[in-house]
Amino acid sequence: MNRYLIKRLLISIPTLIAISAVIFTVLALAPGDPLGEFATNPSLTAEVRENIRKSLGLDLPIYIRYFKWVGAFLQGDMGYSFNSRSPVSELIIQRLPATLFVVGSAYIVGVLVAFPLGIVSAIKRYSIIDQITTTLGLIWFSLPTFFTGLLVILLFSVQLKWLPSMYDSTLEVRDWASFGAMVKQCILPVGVLGLYQAARLMRFIRASVLEQLNQEYVRTAYAKGLSGMRVIFRHVLRNALIPVVTLVALDVPGVFTGALVTEQVFRVPGIGALLIDSIYRSDTPVVMGITFIYAILIVLFNLVADILYSLLDPRVEY
Amino acid sequence: MRQGSKSILLLAIVPIISWLSACAPQSPKPPATEQKELRLLYWQAPTILNPHLSNGYKDFEAARITLEPLASFDKNGEMVLFLAAEKPTLENGGLAADATSVTWKLKQGVKWSDGKPFTAADVVFTYEFVTNKDVAANSVGVYENIAKVEAVDDYTVKITFKEPNPAWFLPFTGAEGMILPRHQFEQYQGAKAREAPGNLIPVGTGPYRVVEFKPGDTAVYERNPEFREVANLGFDRLLLKGGGDSTSAARSVLQTGEADYAFNLQIEPQVLQQMQTGGKGKIITSFGPLVERIDINHSDPNHTTPEGERSNVKFPHPFLTDKKVRQALNFAIDRQTIVSQLYGDTGKPTANFLVAPAAYNSPNTSYEFNPQKAAALLDEAGWKDTNNNGIRDKNGVEMKLVFQTSVNPVRQKTQQIIKQSLKTVGIEVELKTIDASIFFSSDPANPDTIARFSADLELYTTGNNSPEPGDYMKTYTCQEIAQKSNNWSGQNFARYCNPTYDALWQKSQTELDPKKREQLFIQMNDMLVKDVEVIPLVNRADAIALNSSIIGLDLTPWDRNTWNIKDWQRQN
């Protein structure tokens with residue numbers, strides 16, 4: 001087990017180096033520059049433009065910029081944003097709470113909805129409940145969140161005026177009134193994201209449970225005279241949820257990096273919104289910082305998922 | 001059972017921990033009593049509050065709430081004083097007779113929001129900060145022809161120019177002239193400028209002070225207790241929220257009323273009209289210097305030099321250098337239709353290249369949509385359809401044009417209208433659309449930029465950003481031609497070169513009589529327009545959405561919209 005762990009950790013180093021090199025090159029070669037908005041401004045002379053590019057370090061060849069970036073990153077420095085001229089790490093830390101809160105809550109909602117529904121619809125296969133949940137699940141899963149987001153804004157904010165369409169990050173929970181405001185502003189983004197996650201997870205759980213129901217050990221359990229509930233909870237779920245654990249573990253990086261478009265739609269100042277804005281503004285250091293952290297988290301949680309697997313399933317050995 | 005519950009427990013723990021950690025950091029804040037709050041919504045979110053280091057106008061808007069210049073200009077181009085006590089004139093001795101120096105008297109008793117006094121030293125420091133090459137400020141252009149800036153005493157600043165400067169009123173005025181507090185930035189001169197905490201929370205002399213700023217997200221302002229007219233301010237707190245897109249920003253003001261103000265709306269008129277029926281707010285337009293225009297390539301984009309350069313001045317365009325052909329293009333374009341269908345109240349058809357201030361808007365020009373005249377001119381110039389393929393030709397050259405612009409719904413529709421019109425007079429147009437981040441990029445390696453101009457026509461917007469049009473008119477001088485030799489950093493994309501025009505521009509740079517200068521600029525405009533060296537189409541307005549209860553806005557094209565935020569009030 002330990003040898004396996006060390007081996008996996010060692011493999012992840014070249015993986016991350018390769019990922020960083022690819023992202024960096026792609027970003028450096030991508031067209032667009034941070035001065036785009038001033039392109040036709042007659043008072044910005046050619047020398048001023050050149051000087052600003054130089055101060056941002058854009059005059060150096062790509063490979064030198066890459067090595068400088070790697071050197072700084074190893075010391076925990078992700079560079080400075082082209083746009084706000086403040087450290088990338090500070091920007092990310094500023095955005096982390098909103099993302100963790102909104103996307104995290106959405107994930108919890110998703111899990112809470114998906115588990116019971118997925119299990120019930122598997123057990124009561126082809127019943128009305130199953131038909132309804134799978135159909136709704138398919139629809140919600142197929143519609144992109146930026147579309148459902150707009151839809152619920154038009155319905156609940158513009159037409160019914162029940163809920164705000166904007167997320168206010170300066171709101172602090174001090175009393176019941178502000179708590180109510182917090183809940184209200186979370187309903188739409190958390191609902192949209194949570195139901196999307198729920199639809200995805202539910203389909204997976206349903207399939208996973210269904211797969212187990214026909215196994216011989218289930219029939220044996222029933223033959224022993226165990227009640228339906230006991231069979232499901234003691235025997236079926238234990239086996240059915242193993243792949244689900246892997247899936248959930250792989251989703252955790254997403255909770256940290258946020259929901260790209262949905263955050264933008266609801267103006268949630270999370271990491272996803274920061275990434276999109278930075279891409280629009282050609283703010284390469286920020287894009288690089290976020291994508292690379294995402295890469296690290298993915299590599300890490302892949303490993304976590306594999307280890308969890310071996311803990312949960314004694315048949316798996318490394 | 002044990003293992004099964006463990007897995008469920010694990011599932012639950014990870015999200016719960018992250019959820020809890022999000023709740024933890026909460027800093028105490030004064031209780032929210034019934035505060036008068038103004039909610040500003042910027043779909044392009046401000047990312048820095050030091051305007052001199054910014055990369056876009058959105059930052060100027062947010063910084064202008066707290067930082068002030070010496071003076072600024074209202075919509076008529078008249079000077080309005082902020083930190084200056086009086087307008088320098090020849091009579092009061094502020095302005096030297098030969099315009100080689102200007103002396104500003106500053107208001108006395110002005111304090112920064114942290115209580116430190118504002119003095120001439122801050123003005124001198126701002127000059128040193130902006131012109132320091134390692135700071136790499138964007139606003140340095142205005143300060144380049146200054147020899148020295150000195151503090152005569154605590155409340156007098158003398159600016160000496162390298163040579164007589166008719167545009168003496170530009171340094172330290174308008175949005176590019178915001179004065180920085182020396183005591184906050186002194187430690188951060190040079191390359192360290194980006195570390196200055198004042199970039200994010202600047203101390204200012206303006207009506208409201210920044211108390212919290214999250215780049216790209218929110219800025220919170222409170223009354224500046226040191227402000228000169230603090231008792232008259234309309235609000236206790238400003239909440240500036242950023243992010244999203246233009247349409248949803250307009251919706252938040254006009255339909256849901258969640259915000260009071262949204263800026264720089266780029267939305268089709270029909271959609272805006274429909275949103276206004278929401279009844280919460282209104283659209284306000286402000287016409288400034290911005291002109292949507294078609295640049296005509298005077299060089300040949302299809303001729304490639306041995307070095308691989310297209311649109312080189314040495315190879316003139318095969319037919320766009322013919323004045324009759326250009327005039328025909330001008331007659332064939334239907335400005336009125338473009339405006340009424342695509343711009344609505346946010347645009348006016350124009351024939352002029354220079355439209356603001358009003359005094360500079362030439363009365364001598366006009367436009368006309370007349371396809372017959374266009375056809376006749378082309379016939380006259382020898383362009384006829386000899387091979388009956390519907391396209392005019394001459395000496396075996398078919399009259400085909402490549403017309404490029406950035407990706408933008410309004411621009412694509414404009415392109416379509418123009419393509420149709422030109423087709424009826426026998427000119428074939430191939431449309432090309434380029435992503436805005438590429439089209440407006442200054443990357444010399446990309447062939448699709450506005451400056452490389454690898455096409456015959458290109459559509460975009462610009463204008464003079466101060467009431468002094470010298471820099472703007474300079475973009476049609478020969479020395480500004482964008483070429484490989486200058487890494488395409490020149491601003492003369494059309495590659496137009498006319499010594500008469502250059503001479504007029506040179507004259508305007510030394511002419512001190514304002515009336516005569518006005519005439520010189522109008523003459524330059526008329527030269528470009530009458531010879532159709534450029535085709536101005538639409539004078540574009542800046543459109544904002546505003547809650548119906550907010551009063552006191554006085555928009556000017558020469559400063560940011562928030563310039564007079566001290567006068568904004570909520571009417572009940």
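Just so it is clear, the model here is predicted, and its values are computed rather than measured.

(A) Representation of the overall build of chain A. Within chain A one finds 12 helices and 0 strands. Shown N-terminal to C-terminal, the secondary structure of chain A runs as helices and strands in the order α-α-α-α-α-α-α-α-α-α-α-α. Across the 318 residues of chain A, 49% fall into the buried class. For chain A, long-range pairs separated by at least 24 residues make up 71% of all intrachain contacts whose partners lie at least 6 apart in sequence. Carbon and sulfur atoms make up 69% of the accessible area of chain A, which amounts to about 15,200 Å² in all. Computed over 26 positive and 20 negative side-chain charges, the inter-centroid distance for chain A is 10 Å.

(B) Spotlight on the overall build of chain B. Across its full length, chain B carries 14 helices and 22 strands. The C-alpha radius of gyration of chain B comes to 27 Å, within 12% of the 25 Å expected for a compact globule of 572 residues. Projected onto its principal axes, the C-alpha positions of chain B cover 85 × 80 × 50 Å. A burial count over chain B gives 58% of its 572 residues as buried. A separation of at least 24 residues holds for 67% of the contacts in chain B among residues at least 6 apart in sequence.

(C) Just the packing of helix H13 (residues 499-508) of chain B against helix H14 (residues 514-530) of chain B, in detail. Residue and element names in this part refer to chain B. Remark: H13 packs on H14, axes separated minimally by 9 Å, with the N-to-C direction vectors making an angle of 160 degrees. Taken together, H13 and H14 sit at an angle that is classed as roughly antiparallel. Here H13 and H14 pass one another in a crossing that is left-handed. Judged by residue contacts, Thr 500, Tyr 501, Leu 504, Trp 505, Lys 507 and Ser 508 of H13 engage Arg 517, Leu 520, Phe 521, Gln 523, Met 524, Met 527 and Leu 528 from H14.

(D) Examining the interface of chain A and chain B more closely. Chain A puts 69 residues into the contact, and the matching count from chain B is 83 residues. A buried area of about 6,600 Å², summed over both sides, lies between chain A and chain B, and 55% of it is on carbon and sulfur atoms. Our enumeration of links across chain A and chain B arrives at 0 salt bridges. At the boundary of chain A and chain B, one finds 14 residue pairs in polar contact (both at pLDDT 80 or more).

(E) Summary view of the UniProt feature "transmembrane region" (unreviewed entry) in chain A. Residues and elements named next belong to chain A. In this structure's numbering, the residues bearing the UniProt feature "transmembrane region" (unreviewed entry) are residues 9-30, 98-123, 135-156, 176-196, 240-266 and 286-312. Helix and strand shares over residues 176-196 are 100% and 0% respectively, and the end C-alpha atoms of the span are 29 Å apart. Annotated as 93% helix and 0% strand, the span residues 240-266 places its first and last C-alpha atoms 36 Å apart.

(F) Spotlight on the sheet that holds strand S5 (residues 146-153) of chain B. Residue and element names in this part refer to chain B. Pairing is antiparallel across the open sheet formed by 3 strands, whose spatial order is S4-S6-S5. This sheet does not close on itself; its edge strands, each paired only once, are strand S4 (101-105) and S5. Sheet twist, expressed as the mean angle between neighbouring strand axes with direction ignored, is 15 degrees.

(G) Region of interest: a negative patch on the surface. A contiguous patch of negative charge, built from A:Glu47, A:Glu50, A:Asp59 and B:Glu144, is present on the exposed surface. Here B:Glu144 lies in the loop between helix H3 (120-131) and S5. What makes B:Glu144 partly exposed here is its relative accessible area of 33%.

(H) Region of the structure containing the packing of helix H4 (residues 88-123) of chain A against helix H9 (residues 228-257) of chain A. Residue and element names in this part refer to chain A. Close contact between H4 and H9 brings their axes to 11 Å; oriented N to C, the two are set at 155 degrees. Taken as axis vectors, H4 and H9 run roughly antiparallel relative to one another. Crossing of H4 over H9 shows right-handed handedness. Each of Leu 96, Thr 99, Leu 100, Val 103, Gly 104, Tyr 107, Phe 115, Ile 119 and Ile 123 in H4 lies in contact with H9, whose residues at this interface are Ile 232, Leu 237, Leu 241, Val 244, Val 248, Asp 251, Gly 254, Val 255, Phe 256 and Thr 257.

(I) Representation of unusual backbone geometry in the model. Residue and element names in this part refer to chain B. Here Ala 356 and Pro 357 are connected by a cis peptide whose omega angle stands at -5 degrees. On the secondary structure map, Pro 357 appears in the loop between strand S14 (347-349) and helix H9 (371-380). Backbone geometry at Phe 453 places phi at a positive 50 degrees, although glycine is not the residue there. Tracing the backbone through its elements, the reader meets Phe 453 in the loop between helix H11 (436-439) and strand S19 (457-462).

(J) Up close: empty space enclosed by the protein. Scanning the entire structure with this criterion turns up 5 cavities of 30 Å³ or more. Contributing to the lining of the largest cavity are 20 residues, with A:Arg49, B:Ser442, B:Ala451, B:Trp488 and B:Ser489 lying nearest its centre. Classifying every residue of the lining of the largest cavity gives 8 nonpolar, 7 polar and 5 charged.

(K) Seen up close, the confidence of the model for chain B. All names here are of chain B. Averaged over all residues, the pLDDT of chain B is 89; the fraction at 70 or higher stands at 94%. Contacts from residues 1-32, a stretch scored under 50 in pLDDT, to residues over four places away or in other chains number 36 contacts. For this predicted complex, the interface score ipTM comes out at 0.81, alongside a pTM of 0.84.

(L) How the structure looks around the UniProt feature "domain: Solute-binding protein family" (unreviewed entry) in chain B. Summarizing the sequence annotation, UniProt attributes the feature "domain: Solute-binding protein family" (unreviewed entry) to residues 96-477 of chain B in the numbering used throughout. Annotated as residues 96-477 of chain B, this span is 23% helix and 24% strand, and its ends, taken at the C-alpha atoms, are 29 Å apart.

(M) Up close: the domain arrangement of chain B. Residue and element names in this part refer to chain B. Domain assignment breaks chain B into domain 1 (67-196) and domain 2 (290-540). For domain 1 versus domain 2, the separation of C-alpha centres amounts to 36 Å. With 13 residues of domain 1 in contact, the opposing surface of domain 2 contributes 11 residues. Of the roughly 720 Å² buried between domain 1 and domain 2 on both sides combined, carbon and sulfur atoms contribute 73%. Where domain 1 packs against domain 2, one counts 0 salt bridges. Joining domain 1 to domain 2, the criterion identifies 0 residue pairs in polar contact (both at pLDDT 80 or more). Of the residues assigned to the side of domain 1 that touches domain 2, the class counts are 8 nonpolar, 3 polar and 2 charged.

(N) Main features of the pairing of strand S7 (residues 208-214) of chain B. Residue and element names in this part refer to chain B. Where S7 lies against strand S8 (residues 218-223), 6 bridges are found, and the strand directions are antiparallel. Along S8, the bridge assignment pairs Arg 209 with Glu 222. The turn linking S7 back onto S8 is made up of 3 residues, and Gly 216 within it adopts a positive phi angle of 80 degrees.

(O) Representation of the nonpolar core. With 61 residues, the main nonpolar core has B:Leu70, B:Trp104, B:Ile159 and B:Phe172 as its most contacted residues. When contributions to this core are tallied by element, the ones reaching two or more residues are helix H2 (46-55) of chain A together with helix H2 (57-63), strand S2 (71-73), S4, H3, S5 and strand S6 (156-161) of chain B. A per-element tally of this core places H3(B) first, with 7 residues. Of the domains in this structure, domain 1 (67-196) and domain 2 (290-540) of chain B are the two that each give at least three residues to this core. Leaving out residues up to four positions away in the same chain, B:Trp104 has contacts with B:Leu70, B:Ala71, B:Met79, B:Ala84, B:Glu86, B:Pro88, B:Tyr155, B:Thr156, B:Val157, B:Ile159, B:Trp168 and B:Thr173. B:Phe319, B:Leu329, B:Ile333 and B:Tyr343 belong to the second largest nonpolar core, which has 36 residues in total.

(P) Summary view of a nonpolar patch on the surface. Residue and element names in this part refer to chain A. On the surface, Phe 146, Phe 147, Leu 151, Leu 260 and Val 261 cluster together to form a nonpolar patch covering roughly 420 Å² of accessible area. Of all the secondary-structure elements, those providing two or more residues to the nonpolar patch are helix H6 (145-159) and helix H10 (260-266). Counting residues per element, the nonpolar patch draws most heavily on H6, at 3 residues. Relative to the helices and strands, Phe 147 resides in helix H6.

(Q) Summary view of H4(A). Between its first and last C-alpha atoms H4(A) spans 49 Å; for 36 residues at 1.5 Å apiece the expected length is 52 Å, and the two agree. Along H4(A), the largest kink reaches about 35 degrees and is centred on A:Arg95; proline A:Pro97 follows within four residues of it.

Conventions we followed
Residues numbered from 1 in each chain as written. Chains lettered and ligands numbered in written order. Predicted model: local features only at pLDDT ≥ 70, side-chain atom pairs only at ≥ 80, totals over all residues. Heavy atoms only, no water. Helix = DSSP H or I, 4+ residues; strand = E, 2+ residues; numbered from the N terminus. Buried < 20%, exposed > 50% of the residue type's maximum accessible area, 1.4 Å probe, protein only. Contact = heavy atoms within 4.5 Å. Areas by Shrake-Rupley, 256 points an atom, 1.4 Å probe, with all protein chains shown as cover. Lys, Arg positive; Asp, Glu negative; His and termini not counted. Charge placed at Lys NZ, Arg CZ, Asp CG, Glu CD. Rg over C-alpha atoms; globule rule 2.2 N^0.38 Å. Axes fitted to C-alpha atoms, helices over the stretch in contact; angles between N-to-C directions. Parallel < 35°, antiparallel > 145°, perpendicular 65-115°, else oblique. Left-handed = near helix turned anticlockwise from the far one by under 90°. Buried area = accessible area lost by both parts, 1.4 Å probe. Salt bridge = Lys/Arg side-chain N within 4 Å of Asp/Glu carboxyl O. Polar contact = N/O pair within 3.5 Å; in protein donor to acceptor, adjacent residues only side chain to side chain. UniProt positions renumbered as here; feature names shortened; annotations may be inferred. Pairing = 2+ DSSP bridges. Patch = residues over 30% accessible without salt bridge, like charges linked within 9 Å, V, L, I, M, F, W, Y side chains within 5 Å. 1 Å grid on protein atoms, 1.4 Å probe; cavity = no way out; pocket = protein on both sides within 12 Å on 5 of 7 lines; lining within 4 Å. Points joined across faces, edges and corners; volume = space filled by probe spheres on them. Nonpolar A, V, L, I, M, F, W, Y, C, P; charged D, E, K, R; others polar. pLDDT = per-residue confidence, 0-100. Domains from an automatic or database assignment. Core = buried A, V, L, I, M, F, W, Y, C linked by side-chain atoms within 4.5 Å. Expected span 1.5 Å × (residues − 1). Bend = angle between axes of the 7 residues up to and from the residue.

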